[in-house]
Amino acid sequence: MEFSNFDLHPNVAAGIKAIGYLRPTPIQEQAIPPVLKGRDVMGLAQTGTGKTAAFALPILDRLMRGPRGHVRALIVAPTRELAEQIHEAIVSLGKPTRLRSLTIYGGVGLSPQVRSLRNGVEIVVACPGRLLDHINQRTIDLSHVEVLVLDEADRMFDMGFLPDVRRIIKHLPAQRQTLLFAATMPEDVRKLAHEILRAPVTVQVHYAEPISTVAHALYPVDQHLKTALLLELLRHTDTESVLIFTRTKHRAKRLGQQLEKAGYRAASLQGNLSQNRRQSALDGFRAGSYQILVATDIAARGIDVSSISHVINYDMPDTADAYTHRIGRTGRAAKTGDAFTFTTREDGEMVRAIERVLGNRVERRTLDGFDYQKPMPGRDIEFARLPRKPQQRRERKIAKPLNRSSSMARIQSS
Ligand code: AMP
């Protein structure tokens, strides 16, 4: 299958050529034809499968016909990072279309977003909270929306956004095309899909695909020895770029600092960072100036770095599903990756849940020469404690206006 089979508008086809995609990915092969026909689609696919272009390309194709200056496509995503990534994908794919895309999310000033909306955009990529603010203040007109995309709907459910999503949908024209993407289908998301999709076509790429290119290993260790084990493991492992997950943002910050002290180019990504610092940590990781990024599940949503060689679960995730999401970030496409998980005595149940999902027993490893019996030092109380479960939060609003207020781009030919 070639992109030319889709018979896309020449300006959209030119965008694909410019970005260098040679062939559609499986999710694109399956999703693009029904989306082009105007059908509703339910897509079961993880980040890393090419799902963004699977909905972005047919949307750009549709928007090439019809008026400019109205919001005609609305994409709702759970996090600012994912919204930015979708926006950036649209901007790079759609350069020759001259269509305009705007991101809308909290934590940054409202006025630049209002100004951009007044100037006219065709595509809005939004997080639910800030979009509702615009709806309530009547600073956005959604009456011309022809296509709605709900991306990572399962994450939106996890983060408590489904009521907001339902509220947003009430403000959209009933006559529209709706596309819903999720990596998993919890009951509430299935229910939402049933309510809002009309005779949907279901497309699916199996979760097992990205996972099968990943080697999984468990490292049983006492809580207080995790940092020492991590440093030892990093010393003995050939890594390209490493994404490390902790359970709380405090632990992410502390661990980031400890890694830096040990001489690694490391940054941490946690909810307390300003949007500027968050973006610079992400950009630095993507560009390779940081080799290690430490993050919580929420802060890491939507991170798309194709060169991640290792995902290390410093703390066990809360669900097997969260494990799949974390690991989905390594082993993309034809690359292979390693997924290391530190487990303590308390994690037995979660290990069994993960093994059930993977359909395999995961190898237990010990590191030669590492002193697993070392007693707990008096000082480092923080890492000896069992981490508390984090509260799931809505998007943080940061009072101070920031430089990077929102991104809007006219997609134009170079
Ligand atoms: P996504 O699942 O949308 O986050 O995409 C994952 C990665 O695959 C991104 O870096 C895309 O730029 C890349 N990608 C998407 N479609 C293709 C394609 N047809 N060929 C090569 N790379 C692609």
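Model, not experiment: these values are computed from the prediction.

## Description of the overall build of the protein
Line of reasoning, step 1. Secondary structure summary: the protein contains 17 helices and 15 strands in total.
Line of reasoning, step 2. Put simply, the protein has 414 residues, and 57% of those count as buried.
Line of reasoning, step 3. Surface accessibility of the protein: about 18200 Å² in total, with carbon and sulfur atoms responsible for 48%.

## Observations regarding the sheet that holds strand 10 (residues 266–269)
Line of reasoning, step 1. On the basis of which strands lie adjacent, the open sheet formed by seven strands has the order 10-11-9-12-13-8-14 and parallel pairing. Each of the sheet's edge strands pairs with one partner strand only, and the pair in question is strand 10 and strand 14 (363–364).
Line of reasoning, step 2. Bridging between strand 9 (residues 241–245) and strand 12 (residues 308–313) involves five bridges; their strand directions are parallel. The residue bridging Leu 243 from the neighbouring strand is Val 311, located in strand 12.
Line of reasoning, step 3. In this fold helix 11 (residues 226–236) packs onto strand 8 (214–220), strand 9, strand 11 (292–295), strand 12 and strand 13 (337–343), with an angle of close to 155° to the strand it touches most, strand 13.

## Let's talk about the environment of Pro 128
Line of reasoning, step 1. Secondary-structure assignment places Pro 128 in helix 6 (residues 128–136).
Line of reasoning, step 2. Judged by relative accessible area, Pro 128 falls into the buried class, the value being 0%.
Line of reasoning, step 3. Along the backbone, Pro 128 and Tyr 105 are 23 residues apart, and their C-alpha atoms lie at a distance of 7.7 Å.

## Quick word on the pairing of strand 5 (residues 147–150)
Line of reasoning, step 1. The alternating pattern of strand 5 places Val 147 and Val 149 and Leu 148 and Leu 150 on opposite faces, both of which are buried.
Line of reasoning, step 2. The pairing of strand 2 (residues 73–76) with strand 5 spans four bridges and is classified as parallel. Looking at the pairing, Ala 73 lines up with Val 147 of strand 5.
Line of reasoning, step 3. Examined bridge by bridge, strand 5 and strand 6 (residues 177–182) share four bridges and lie parallel to one another.

## A closer look at the site of the ligand
Line of reasoning, step 1. Around the ligand sit 13 residues in total, of which Tyr 21, Gln 28, Gly 48, Gly 50 and Thr 52 are the nearest.
Line of reasoning, step 2. Contacts to the ligand include Gly 50, whose backbone N or O atom sits 2.7 Å from an oxygen atom.
Line of reasoning, step 3. Within the side chain of Thr 52, one N or O atom sits 2.5 Å away from an oxygen atom of the ligand.
Line of reasoning, step 4. With the chains in place, 72% of the 490 Å² that the ligand exposes on its own is no longer accessible.
Line of reasoning, step 5. Tallied by class, residues from the shell around the ligand come to three nonpolar, seven polar and three charged.

## Comments concerning helix 1 (residues 10–19)
Line of reasoning, step 1. Within the span of helix 1, buried status applies to Val 12, Gly 15 and Ile 16. The buried residues of helix 1 occupy one face: seen down the axis, they fall within an arc of 95°. Among the exposed residues of helix 1, those pointing more than 90 degrees away from its buried face are Pro 10, Lys 17 and Ala 18.
Line of reasoning, step 2. Of the residues trailing helix 1, Gly 20 is marked for its positive phi of about 95°.

## Describing the packing of aromatic side chains
We describe a pair of aromatic rings using the distance from one ring centre to the other and the angle between the two ring planes.
Line of reasoning, step 1. Evaluation of the coordinates by the stated rule reveals six aromatic pairs.
Line of reasoning, step 2. Ring centres 5.4 Å apart and planes at 50° place the aromatic pair Phe 55 and Phe 181 in the tilted group. Note that Phe 55 is positioned in helix 3 (residues 51–63) and Phe 181 in strand 6, a separation of 126 residues in sequence.
Line of reasoning, step 3. Of the residues examined, Phe 55 reaches a relative accessible area of 0% and is grouped as buried.
Line of reasoning, step 4. Residue Phe 181 is classed as buried on the basis of its relative accessible area of 0%.
Line of reasoning, step 5. Arranged with centres 4.9 Å apart and planes meeting at 80°, the rings of Phe 370 and Tyr 372 form a pair that is edge-to-face.
Line of reasoning, step 6. Taking relative accessible area as the criterion, Tyr 372 reaches 18% and is therefore assigned buried.

## Examining unusual backbone geometry
Line of reasoning, step 1. One non-glycine residue, Arg 138, lies in positive phi territory at about 55°.
Line of reasoning, step 2. Structurally, the position occupied by Arg 138 is in the loop between helix 6 and strand 5.
Line of reasoning, step 3. Backbone geometry places Ala 199, a non-glycine residue, at a positive phi of 40°.
Line of reasoning, step 4. Overall, the relative accessible area of 58% leaves Ala 199 in the exposed class.

## Considering the environment of Met 185
Line of reasoning, step 1. Note on placement: Met 185 falls in the loop between strand 6 and helix 9 (187–196).
Line of reasoning, step 2. Take Met 185: its relative accessible area is 12%, and that puts it in the buried class.
Line of reasoning, step 3. Along the backbone, Met 185 and Asp 154 are 31 residues apart, and their C-alpha atoms lie at a distance of 6.6 Å.
Line of reasoning, step 4. If sequence neighbours within four positions are ignored, Met 185 has contacts with Met 42, Leu 44, Leu 180 and Arg 190.

## Description of helix 9
Line of reasoning, step 1. The set of residues buried in helix 9 consists of Val 189, Leu 192, Ala 193 and Ile 196. Looking straight down helix 9, one finds its buried side chains confined to an arc of 100°; they lie on one side. Facing away from the buried side of helix 9 by over 90 degrees, the exposed positions are Glu 187 and His 194.
Line of reasoning, step 2. As for helix 9, its buried residues are in contact with strand 1 (41–44), strand 5, helix 7 (153–158), helix 8 (162–170) and strand 6.

## Considerations on the packing of helix 8 against helix 9
How two helices pack is summed up by the angle between their axes together with the distance between the axes.
Line of reasoning, step 1. Between helix 8 and helix 9, the shortest axis-to-axis distance is 12 Å and the interhelical angle comes to 5°. Taken together, the axes of helix 8 and helix 9 lie roughly parallel to each other. Here helix 8 contributes Leu 162, Val 165, Arg 166 and Ile 169 to the contact with helix 9, which in turn contributes Asp 188, Val 189, Leu 192, Glu 195 and Ile 196.

Basis of the calculations
Residues numbered from 1 in each chain as written. Predicted model: local features only at pLDDT ≥ 70, side-chain atom pairs only at ≥ 80, totals over all residues. Heavy atoms only, no water. Helix = DSSP H or I, 4+ residues; strand = E, 2+ residues; numbered from the N terminus. Buried < 20%, exposed > 50% of the residue type's maximum accessible area, 1.4 Å probe, protein only. Areas by Shrake-Rupley, 256 points an atom, 1.4 Å probe, with all protein chains shown as cover. Pairing = 2+ DSSP bridges. Contact = heavy atoms within 4.5 Å. Axes fitted to C-alpha atoms, helices over the stretch in contact; angles between N-to-C directions. Near = heavy atom within 4 Å. Polar contact = N/O pair within 3.5 Å; in protein donor to acceptor, adjacent residues only side chain to side chain. Nonpolar A, V, L, I, M, F, W, Y, C, P; charged D, E, K, R; others polar. Arc of directions from axis to C-beta. Phe/Tyr/Trp six-rings, centres within 6.5 Å; stacked < 30°, edge-to-face > 60°. Parallel < 35°, antiparallel > 145°, perpendicular 65-115°, else oblique.

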